[in-house]
Amino acid sequence: MRVSGGVLLGSTIGLLGLFSLTSAPSVQAQGGGSIQCGSSNGKFSVCQVPWRNARLVRQDSKSACVRDQTWGVDQRGVWVDRGCRGVFAEERGHGGSHGGGGWRPGPDWNRSIRLECSSQDNRYQLCQVDLGRQGRVRLERQLSKNRCTEGYSWGGNRAGVWVNHGCRGQFVVDRRW
C-alpha cells in the first residue's frame, strides 16, 4: 500500500508540475535560432529576442496568429496576444543594411505624431501608423476610466498603437527610420 501510495503521490506531483509548465507563458528556445512563444490565457506576452524582424514558422494554437494583430515584433522582442502560440524565427534580408536598397522614407519621416486610440467595449483595437524601424510610442494622457498599462492594455509595434481592456488615451508616436 505504501509503495503504490508513494507512486500515486509522485505521479500526482509530476502531473501538477507539468500543468504549471503548460499554463505559464510559453517561451522556449528551439534549434536553429527560433523560439516558441505563446499567449497564456489570451493575455499579452513578450518573448525577448535580439531580432529586428521575425516570421511565424509554425502556429501551435487554435487561436489565429495574425501579424500585427495577435503577434508582432517591437523593441522588446516577439509579442503575442489573444491566444496566439507558435514557433518564430528571425526574418532576414528585408530593408535596412541587409537588403541593399529597398524603400526609403521621404524628408518629413522622422517626426512626432499625436493620435487618440480607443478600446471600444474592452476589445483590442489597432490604430495604424507606421512607426518606422526605430519608432517609439508613449501614452501622453489617459482618457478612460479603465487603467492604461503599457504591455497589458496598450502598446506599440511597427504597425501602430494598440489598445485593449477599455484603455483610451492620447498617444505620441516618435516615428524614426
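In this report, the structure presented in the accompanying data block is examined. (Residues numbered from 1 in each chain as written. Predicted model: local features only at pLDDT ≥ 70, side-chain atom pairs only at ≥ 80, totals over all residues. Heavy atoms only, no water.)

### Looking at the pairing of strand S2 (residues 34–38)
Across the five residues that make up S2, a large majority, five, are buried. Because side chains alternate across S2, one face comprises the buried residues Ser-34, Gln-36 and Gly-38, and the other comprises Ile-35 and Cys-37, equally buried. One ladder, built from five bridges, connects S2 with strand S7 (residues 85–90); its direction is antiparallel. Note on S7: the bridge partner recorded for Ile-35 is Phe-88. (Buried < 20%, exposed > 50% of the residue type's maximum accessible area, 1.4 Å probe, protein only. Helix = DSSP H or I, 4+ residues; strand = E, 2+ residues; numbered from the N terminus. Pairing = 2+ DSSP bridges.)

### Topic: the nonpolar core
In this structure, Leu-115, Cys-117, Val-137, Trp-154, Val-161, Phe-171 and Val-173 are the most contacted members of the largest nonpolar core, which totals 14 residues. Put simply, the parts of the chain that give this core at least two residues each are strand S8 (111–118), strand S12 (160–163) and strand S13 (168–175). The leading source of residues in this core is S8, at three residues. In this structure Val-161 touches Leu-115, Cys-117, Gln-125, Leu-126, Cys-127, Val-137, Gly-155, Gly-156, Phe-171 and Val-173, once residues within four positions along its chain are discounted. With 13 residues, the next largest nonpolar core counts Trp-51, Cys-65, Val-80 and Phe-88 among its residues. (Core = buried A, V, L, I, M, F, W, Y, C linked by side-chain atoms within 4.5 Å. Contact = heavy atoms within 4.5 Å.)

### A few points about the sheet that holds strand S10 (residues 136–142)
Sheet architecture is open: three strands sit in the order S8-S13-S10, paired in antiparallel fashion. The open sheet has two edge strands with one neighbour each: S8 and S10. Averaged over neighbouring strand pairs, the angle between their axes works out to 25° when direction is ignored. In terms of strand pairing, S10 meets S13 through six bridges, oriented antiparallel. Note that in S13 the partner of Arg-138 across the bridge is Val-172. (Axes fitted to C-alpha atoms, helices over the stretch in contact; angles between N-to-C directions.)

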